[in-house]
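The chain contents come next:
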2 protein chains.
Amino acid sequence: MITTFVKLPACTPRSISSVRAVRMSDVRSRKISAQAIKLYTNPGSRGKIPEWVLSELNLPYETVLLDMRSGEHKAPKYLEINPFGKVPAMEDGDLKLFESGGILLHLASKYGQLPQDQLSKAFQWTLFANSTLSPALFEKQAQMPQMLLPLDKILAMTKYLEGSEFSVSDIAVGSYLLYLPLFFPDLFSSGGFIDKYPNVWRYMKEIVERPSCPDAYKEGMISAVQASSSKNSGGNPLSNLFKK
Amino acid sequence: MITTFVKLPACTPRSISSVRAVRMSDVRSRKISAQAIKLYTNPGSRGKIPEWVLSELNLPYETVLLDMRSGEHKAPKYLEINPFGKVPAMEDGDLKLFESGGILLHLASKYGQLPQDQLSKAFQWTLFANSTLSPALFEKQAQMPQMLLPLDKILAMTKYLEGSEFSVSDIAVGSYLLYLPLFFPDLFSSGGFIDKYPNVWRYMKEIVERPSCPDAYKEGMISAVQASSSKNSGGNPLSNLFKK
């Protein structure tokens, strides 16, 4: 069964708790008016990346959760949206789109009102995040320093990737960084990551505080901050993380 | 030493033979006027992807060839353009960009005059090409059928990825397909690829005929067509490939 959530546009720091579950049949029978943007996702997918952009842009959208254990992502109806059967995908009116980074760029380009150069920087950082950074972090970890050392240098000079303002590029790259505490919590309890990449760590703590940041990333960072501070400083990780 | 080529905007089917080699010192001393777009590349890099887009859009540009054996891609001057020391990269006026797919999307977005939906499809296919298709073709080949079977179905229904017209999405995806004969010539001499993915093969032959297509891809396809036809039909691969 495909269940859907209607996500309300007003976002709070705990935005996932503000969604309302509805059944697919309700949407079909128009008890709930269909919204222009539908995000097909699954908690284990990269759907968090477009979720973050949608929240940041304050766009109303509908979430359709796919049950991957029962193969809903390989069902003919879903293959019409993404013929490769991967999650996430999106419908925006008549436009069907797949690839998390492609959806992110669509939203940034259509709704973000960015000048050309900023949009092009978003292209660069999104391609970097999905095709260069992600494999180095999650598959070929010997390459991790080749990615994180230059990133650390950049973030030693600027607050965010493109300067003093948070941008869609930070969602593209930051999402993969914020997957690290969820996939490899030991990186943070050992202190090695934080000592080696202090500016990347500062940046991760900075961006996770945004109200629009998905809860899963916040939860991963709470654990990472707890692990690091129980080793290093003993402070309260929750207050470190959520209070300015 | 960094040598540069000034690429002339008028492209022929043998466009690489029409470039004129110049020395970096000539450019520095303005004997040759600097053009707005500079492509930093190397014959072994993915620089062929932006080259194809530049030729297709008929944009004048300057090619700066990096000697990777002497480490020019790790020299401080180049790291100002791409801090990760990877090739290709681009300068377009004051804008510095890296990631082949990011450069492709920059050119498509700035110079391609595409409506939003077509641009968004280019985002989708470029992310697919660089982060999903490329690893499946070149690193995790067990996944090759999961990518090529759906692609074959799509290309059974349409001439190009987005319908009857060649688009930047075809450059994004087609480039990786056209790397296959260069990296894995045996795929084509055995006939397995062509039998399994006949529509992908038809598409590869279609797009490689474009005058703007980089020579290296054409050469790979000449060999692949030769290998397949010496096994299957015995026709002249050159005439199959270049004559309509």
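Residues numbered from 1 in each chain as written. Chains lettered and ligands numbered in written order. Predicted model: local features only at pLDDT ≥ 70, side-chain atom pairs only at ≥ 80, totals over all residues. Heavy atoms only, no water.

## Some points on the nonpolar core
Thought 1: Leu-151 of chain A together with Leu-151 of chain B are the most contacted members of the largest nonpolar core, which has 136 residues in total.
Thought 2: Among all residues touching Leu-151 of chain B, those that are not within four sequence positions of it are Phe-84 of chain A together with Trp-125, Leu-161, Val-173, Leu-177 and Val-200 of chain B. (Core = buried A, V, L, I, M, F, W, Y, C linked by side-chain atoms within 4.5 Å. Buried < 20%, exposed > 50% of the residue type's maximum accessible area, 1.4 Å probe, protein only. Contact = heavy atoms within 4.5 Å.)

## Re the interface of chain B and chain A
Thought 1: Of the residues lining the interface, 35 residues belong to chain B; the matching set on chain A comes to 35 residues.
Thought 2: The junction of chain B with chain A conceals about 3,000 Å² of combined surface from both sides, 68% of it contributed by carbon and sulfur atoms.
Thought 3: Ranking the residues of chain B by area buried against chain A places Phe-84, Gln-124 and Leu-127 of chain B at the top, with a combined share of 21%.
Thought 4: For Glu-139 of chain A, the salt bridge goes to Lys-140 of chain B, with nearest N and O atoms at 3.1 Å.
Thought 5: Where the side of chain B that touches chain A is concerned, the elements lending two or more residues are β6 (95–98), α4 (100–111), α5 (116–138) and α6 (144–157) of chain B.
Thought 6: Looking at the side of chain B that touches chain A, the element that brings in the most residues is α5 of chain B, giving 14 residues. (Buried area = accessible area lost by both parts, 1.4 Å probe. Salt bridge = Lys/Arg side-chain N within 4 Å of Asp/Glu carboxyl O. Helix = DSSP H or I, 4+ residues; strand = E, 2+ residues; numbered from the N terminus.)

## Focus: the domain arrangement of chain A
One frequently used descriptor of interface size is the decrease in accessible area upon assembly of the parts.
All names here are of chain A.
Thought 1: Its domain assignment divides chain A into domain 1 (3–111) and domain 2 (116–233).
Thought 2: Taken together, the contact between domain 1 and domain 2 spans 20 residues of the former and 26 residues of the latter.
Thought 3: Counting the surface lost from both domain 1 and domain 2, the interface buries some 2,000 Å², and carbon and sulfur atoms represent 66% of this.
Thought 4: Viewed at the interface, domain 2 and domain 1 are joined by one salt bridge. (Domains from an automatic or database assignment.)

## A word on the pairing of strand β4 (residues 61–65) of chain A
Residues and elements named next belong to chain A.
Thought 1: For β4, the tally of buried residues reaches four of five residues, placing the bulk of the element in the interior.
Thought 2: For strand β3 (residues 37–41) and β4, the ladder comprises four bridges, and the chain directions are parallel. Each bridged residue has a counterpart across the sheet, and for Tyr-40 the counterpart in β4 is Val-64.
Thought 3: Read from β3 through helix α2 (residues 48–56) to β4, the crossover connection turns out right-handed. (Pairing = 2+ DSSP bridges. Right-handed = clockwise from strand over helix to strand, strands pointing away.)

## A few points about the packing of helix α5 (residues 116–138) of chain A against helix α6 (residues 144–157) of chain A
All names here are of chain A.
Thought 1: Following both chains from N to C, one finds α5 and α6 inclined at 135°, their axes separated by 8 Å at the closest point. Comparing their axes, α6 and α5 come out oblique. Taken together, the residues of α6 that come into contact with α5 (itself represented by Trp-125, Phe-128, Thr-132, Leu-133, Ala-136 and Leu-137) are Met-144, Met-147, Leu-148, Leu-151 and Ile-154.
Thought 2: Considering only residue class, the contact of α5 with α6 consists of ten nonpolar, one polar and no charged. (Axes fitted to C-alpha atoms, helices over the stretch in contact; angles between N-to-C directions. Parallel < 35°, antiparallel > 145°, perpendicular 65-115°, else oblique. Nonpolar A, V, L, I, M, F, W, Y, C, P; charged D, E, K, R; others polar.)

## Points about the packing of aromatic side chains
Centre distance and the angle of the planes are the two values used to describe a pair of aromatic rings.
Thought 1: Applying the stated criterion to the full structure yields 40 aromatic pairs over all chains.
Thought 2: Residues Tyr-176 of chain A and Tyr-179 of chain A carry aromatic rings whose centres are separated by 6.2 Å and whose planes lie at 55° to one another, so their mutual orientation is tilted. Remark: Tyr-179 of chain A and Tyr-176 of chain A occur in helix α7 (residues 168–183); sequence separation between them is three residues, near one turn of the helix. Judged on exposure class, the residue Tyr-176 of chain A and its partner Tyr-179 of chain A are both buried.
Thought 3: Plain terms: the ring middles of Tyr-179 of chain B and Phe-183 of chain B are 5.9 Å apart, the flat faces sit at 75° to each other, and that makes the pair edge-to-face. (Phe/Tyr/Trp six-rings, centres within 6.5 Å; stacked < 30°, edge-to-face > 60°.)

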